[in-house]
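# Descriptive structure summary
Residue-level listing of the chains:
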Amino acid sequence: MVDNRESQSTILQFAPLNSSVDEGFWHSFSSLKLDKLGIDDSPISITGFYAPCSHPQVSNHLTLLSQSLPSSDDEQSSTQSTMHGNRNKCPVPGTLYNTNTVESFSKLDKQSLLKAEAKKIWEDIQSGRALEDCALLSRFLVISFADLKKWSFRYWFAFPALVLDPPASLVELNPASEYFSSEEAESVSAACNEWRDSSLTTDVPFFLVSVSSDSKATIRHLKDWEASQGDHHKLLFGFYDPCHLPGNPGWPLRNYLALIRSKWNLETVRFFCYRESRGFADMSLSLVGQASITLPSDSSAETVPNSVGWELNKGKRAPRSISLANSMDPTRLAVSACDLNLKLMRWRALPSLDLNVLSSVKCLLLGAGTLGCQVARTLMGWGIRNITFVDYGKVAMSNPVRQSLYTFEDCVGRGEFKAVAAVKSLKQIFPAVESSGVVMAIPMPGHPISSQEEESVLGDCKRLRDLIESHDAVFLLTDTRESRWLPSLLCANANKIAINAALGFDSYMVMRHGAGPTSLSDEMQNLDMNKTGRQRLGCYFCNDVVAPQDSMTDRTLDQQCTVTRPGLAPIAGALAVELLVGVLQHPLG
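What counts and how
- Residues numbered from 1 in each chain as written.
- Predicted model: local features only at pLDDT ≥ 70, side-chain atom pairs only at ≥ 80, totals over all residues.
- Heavy atoms only, no water.
- UniProt positions renumbered as here; feature names shortened; annotations may be inferred.
- Axes fitted to C-alpha atoms, helices over the stretch in contact; angles between N-to-C directions.
- Helix = DSSP H or I, 4+ residues; strand = E, 2+ residues; numbered from the N terminus.
- Parallel < 35°, antiparallel > 145°, perpendicular 65-115°, else oblique.
- Left-handed = near helix turned anticlockwise from the far one by under 90°.
- Contact = heavy atoms within 4.5 Å.
- Nonpolar A, V, L, I, M, F, W, Y, C, P; charged D, E, K, R; others polar.
- Pairing = 2+ DSSP bridges.
- Patch = residues over 30% accessible without salt bridge, like charges linked within 9 Å, V, L, I, M, F, W, Y side chains within 5 Å.
- Areas by Shrake-Rupley, 256 points an atom, 1.4 Å probe, with all protein chains shown as cover.
- Salt bridge = Lys/Arg side-chain N within 4 Å of Asp/Glu carboxyl O.
- Buried < 20%, exposed > 50% of the residue type's maximum accessible area, 1.4 Å probe, protein only.
- Phe/Tyr/Trp six-rings, centres within 6.5 Å; stacked < 30°, edge-to-face > 60°.
- Lys NZ or Arg CZ within 6 Å of the ring centre and 35° of its normal.
- pLDDT = per-residue confidence, 0-100.
- Core = buried A, V, L, I, M, F, W, Y, C linked by side-chain atoms within 4.5 Å.
- Expected span 1.5 Å × (residues − 1).

Per an unreviewed UniProt entry, the protein goes by the name Ubiquitin-like modifier-activating enzyme ATG7 and belongs to Eruca vesicaria subsp. sativa. Annotation of the protein in UniProt includes, under Sequence similarities (unreviewed entry), the sentence "Belongs to the ATG7 family." The record held by UniProt for the protein lists under Subunit (unreviewed entry) the comment "Homodimer."

Here it is as structure tokens:
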């Protein structure tokens, strides 16, 4: 019984490597998933980062950052420069398997995935690639499921390690300061600091340390094994050890020993667990150990050793999860949630949808009544964030039940101006909207004015012209026919997209006015509506045989109000917005 415990104590045991995922990684991955990957669940090549232990009581983790994900072509060069040459970020290749459903995540064959990644490591060892790029020895994989509706993520790391059979035995393990003489320790420290200070080698995690008989230390790459076989007093296999434990080497040593046994057939291995303190080599924290390896008699390059490596979660074999909803700014969270449906459209239904065009368009709504409320809500649903209201009326008691942006509080007393109340309501619905309200009466033909009003009306005409010229699309949603005449004229003159919507009792009309003969504003020049060279469309008044006239005087109450079926306004408002979106997305406009 005692002998059995003693034999077990000689087995070399390794401290597991732990993971850490920065929030920036999940934000970047969410954007990649929504904007590019869609339902594509192919494996993704990622990069993890780790560094030698730098604290006597805290181990370092393998970390995923925002730059761990693949970059676009124009960012590739700058990203590569940040990945290499950083002493605190030794890059390690990994693979991310993201599933589209939580059920698929649960059904993943984890053992097969682990074996496949371990096979890559074994093939890198056999082909010699691991000698050229030793970071390949620390390959890892991550499986995940991203619930982008709730901003929660489920994930599980694996650090594949080839299992030696029989396992390596630990002969001795001591602080490096006890193994080396004082002269050797000083020389090894200086050589390690020089290795770490060089941008060419600082992120090379596996290396050879040779100490000559005159106590001079030299560090070489693994591929220089032959050159290390000369006159040396001590030869050690060094590696960046993320572990802080004084009695166990870190996880990277496992595959390191597999390489040593396979490539050089060594039965006795002296290893050096390199650790730091305040950015410099620390011989009292670093370890030097000796391991005994049994060489198998039937060694074959084709036989991949067994592997282990799934990370434990609080001592159990279970995935981890994180929710970013609570840590996100509420406004930012609202923007992400509102854009989610639009980005999901591009996965299957509408891959060509250009969201940048929608988010940049500026819409002017002339009229903030029943139609204006419906149009504004639908515009926000399409991701249009810049909305301006123009209306002179106030919220009446009869409005809130039919006009969705208003409540009872808006009509108490004398009533709030609709243009002001509508903006307030939009910002309560979606804080990131850029909305403004203009309280102004639109000048109308057929409505006589006094000489005292001339200056004010001319000012309103100029103000309306400026508003139309500063927006890209104009919705004509007013109650009367004559109030649409001047805006129609100004939209044609400024070559703006004009959408007209009107209601009858059980009918409605939605139409797009023809654009003017010149190109659109600089911001919307890609939406030029005259690419075909065809005759342009007309407008609401083109077929009229009489000029617009006063339709409000000498009218009964039912003629003054918009008496219509309640269900028509949402239909007409939605079609008006869909017409605009269709124009914006069409290649010919």
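Alright, that's what it looks like, and here's the rest.
Moving on to the packing of helix H12 (residues 370–381) against helix H18 (residues 568–585). Two numbers describe a pair of packed helices, the interaxial angle and the distance between the axes. Packing of H12 against H18 brings their axes to within 8 Å, and their N-to-C directions diverge by 45 degrees. In terms of orientation, H12 and H18 fall into the oblique class. Relative to H18, the crossing made by H12 is right-handed. When H12 is examined against H18, the residues Thr370, Leu371, Gln374, Val375, Thr378 and Leu379 are found in contact with a partner set consisting of Ala569, Pro570, Ala572, Gly573, Ala574, Val577 and Leu580. Here the contact of H12 with H18 is built from residues that sort into nine nonpolar, four polar and no charged.

Think of a sheet as strands paired side by side through backbone hydrogen bonds, with each pair either parallel or antiparallel. Pairing is mixed in the open sheet, where six strands are placed in the order E19-E18-E17-E20-E21-E22. Two strands close off the open sheet at either side, each with one partner strand: strand E19 (434–439) and strand E22 (508–512). Across the sheet, the mean angle from the axis of one strand to that of its neighbour is 15 degrees, orientation sign disregarded. Relative to strand E18 (residues 386–391), strand E17 (residues 362–366) is paired through five bridges, and the arrangement is parallel. From the neighbouring strand, Cys363 faces E18, where its bridge partner is Ile387.

Judged by side-chain polarity, Met397, Phe408 and Val412 come together as a nonpolar surface patch covering roughly 320 Å² of accessible area. Within the secondary structure layout, Met397 lies in the loop between E18 and helix H13 (408–411). Here Met397 falls in the exposed class, since its relative accessible area comes to 52%.

The tally for this structure, following the rule as stated, stands at 23 aromatic pairs. Centroid distance Phe25 to Trp26: 5.1 Å. Interplanar angle 75 degrees. Geometry classified as edge-to-face. In this structure Phe25 comes out as buried when scored by relative accessible area, which is 1%. The class for Trp26 is buried, based on a relative accessible area of 2%. Put simply, the rings of Phe25, Trp26, Phe29, Phe140, Trp151, Phe153, Tyr155, Phe157 and Phe159 touch in pairs and so form one group of aromatic residues. Here the guanidinium or amino end of Lys89 rests over the ring plane of Phe49, the centre of that ring lying 5.9 Å away. Across from the ring centre of Phe417, 4.9 Å away, lies the NZ or CZ of Lys394, which sits over that ring.

Right, let's get into unusual backbone geometry. For the bond running from Asp165 to Pro166, omega is 0 degrees, close enough to zero to count as cis. Along the polypeptide, Pro166 turns up in the loop between strand E6 (152–162) and strand E7 (169–175). Backbone geometry at Trp151 places phi at a positive 55 degrees, although glycine is not the residue there. With respect to the helices, strands and loops of the structure, Trp151 is situated in the loop between strand E5 (140–147) and E6. Among the residues examined, Trp151 registers a relative accessible area of 9% and is labelled buried. One non-glycine residue, Arg278, lies in the positive phi region at around 55 degrees. The residue Arg278 is located in the loop between strand E12 (276–277) and strand E13 (280–281) in this model.

Averaged over every residue, the pLDDT of the protein is 88; residues scoring 70 or more account for 88%. For the stretch residues 74–79, pLDDT sits under 50, and the model shows three contacts to residues farther than four places along the chain or on other chains.

Before going further, it helps to spend a moment on the nonpolar core. Core analysis: the biggest nonpolar cluster contains 85 residues, and Ile125, Phe140, Phe157, Phe180, Tyr256, Leu257 and Phe272 have the highest contact counts within it. If one sorts the elements of this core by residue count, helix H9 (residues 253–264) sits on top with seven residues. Residues contacting Leu257, with those up to four places away along its chain left out, are Leu12, Phe14, Leu164, Ala168, Val269 and Ile293.

Compared with the 26 Å implied by 1.5 Å per residue over 18 residues, the 26 Å span of H18 between its first and last C-alpha is a close match. Within H18, the full set of buried residues consists of Leu568, Ala569, Ala572, Gly573, Ala576, Val577, Leu580, Val581, Val583 and Leu584. Check the buried side of H18 and you find it contacts helix H11 (355–360), E17, H12, strand E20 (473–476), strand E21 (497–503) and E22.

With respect to the element layout, Leu371 can be found in helix H12. Owing to a relative accessible area of 6%, Leu371 belongs among the buried residues under this scheme. For Leu371, the contacting residues outside a window of four places in its chain are Leu477, Ala501, Ala502, Leu503, Ala569, Ala572 and Gly573.

Here we take up the packing of helix H5 (residues 110–127) against H9. Closest axis-to-axis distance for the H5/H9 pair is 10 Å, and the angle between their directions is 40 degrees. The handedness of the crossing between H5 and H9 is right-handed. On H9, the residues touching Ile121, Trp122, Ile125 and Gln126 of H5 are Asn255, Ala258, Leu259, Ser262 and Lys263. Here the contact of H5 with H9 is composed, by residue class, of five nonpolar, three polar and one charged.

What follows covers the sheet that holds strand E8 (residues 206–211). One open sheet accounts for six strands, arranged E7-E14-E11-E10-E8-E9; its pairing is mixed. Pairing within the sheet leaves two strands with one partner each, and these edge strands are E7 and strand E9 (217–220). Between one strand axis and the next, the sheet turns by 25 degrees as a mean value, whatever way the strands run. Against the sheet, helix H8 (residues 182–197) contacts E8, E9, strand E10 (234–240) and strand E11 (268–274), and its axis sits at roughly 30 degrees relative to E9. Lying on the sheet, H9 is in contact with E8, E10 and E11; it crosses E10 at an angle near 140 degrees.

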